[in-house]
Amino acid sequence: MKETVSCGGVVIYRGKILLLFINYRNRYEGWVLPKGSVEPGEDHEETALREVREESGAKGKIIEYLGSCEYEFKAQEDTVHKTVHWYLISAESFFSRPQKEEYFVDSGYYKYHEAYHLLKYENERGILEKAYNRYQTLKKDGRWT
């Protein structure tokens, strides 16, 4: 079994959540949160911000760590066990541009209930729920930037 680590973000701007639509050769498609692999010499926060920027063009800052999720999937010759570390990220604007080279064909910011129902994976819906609850608390307390 191969072990991999990725980092990503729940990116929020003015209460809306950034999603990406991936279409990998018409076999794998759906709305997802931005995330990607840790590169040598990077810490998890750097990876999350870099992956958000690369996959969506969005710039932001990390507010706090949300937690991690783990799952397995079959690759060509092996089973992959992936751990994804998630961060709550405040975006600078509504700007987004999907990274075509990584099979992202659309991106945008959505209201919470829209984003929740659009997301392809249950584990991403769970992290979105946690992130949005935290966002609402921080905003109510005047601590969201």
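Keep in mind that this is a model prediction, so the values were computed, not measured.

Asker: Can you help me understand the packing of aromatic side chains in this one?
Answerer: Where two aromatic rings form a pair, the distance of their centres and the angle of their planes describe that pair. Taken as a whole and judged by the stated rule, the model has 11 aromatic pairs. Their ring planes at 35° and their centres at 6.2 Å tell us that Tyr-71 and Phe-73 sit as a pair that is tilted. Taken together through their ring pairs, the aromatic side chains of Tyr-112, Tyr-116, Tyr-132, Tyr-135 and Trp-144 make up a single cluster.

Asker: So what exactly am I meant to see when it comes to helix H3 (residues 122–140) here?
Answerer: One turn of an α-helix holds 3.6 residues; hence residues three or four places apart share an orientation. For H3, with 19 residues, the first-to-last C-alpha span of 27 Å sits near the 27 Å given by 1.5 Å per residue. Along H3, the residues classified as buried are Glu-124, Arg-125, Ile-127, Leu-128, Ala-131, Tyr-132, Tyr-135 and Leu-138. Along the axis of H3, the buried positions cluster into a sector of 160°, meaning they face one direction only. Those residues of H3 that are exposed and aimed more than 90 degrees away from the buried face are Glu-122 and Lys-140. Remark: Gly-142 follows H3 within two positions and exhibits a positive phi of approximately 75°.

So, how was this worked out
Residues numbered from 1 in each chain as written. Predicted model: local features only at pLDDT ≥ 70, side-chain atom pairs only at ≥ 80, totals over all residues. Heavy atoms only, no water. Phe/Tyr/Trp six-rings, centres within 6.5 Å; stacked < 30°, edge-to-face > 60°. Helix = DSSP H or I, 4+ residues; strand = E, 2+ residues; numbered from the N terminus. Expected span 1.5 Å × (residues − 1). Buried < 20%, exposed > 50% of the residue type's maximum accessible area, 1.4 Å probe, protein only. Arc of directions from axis to C-beta.

All we've got here are geometric facts, nothing functional implied.
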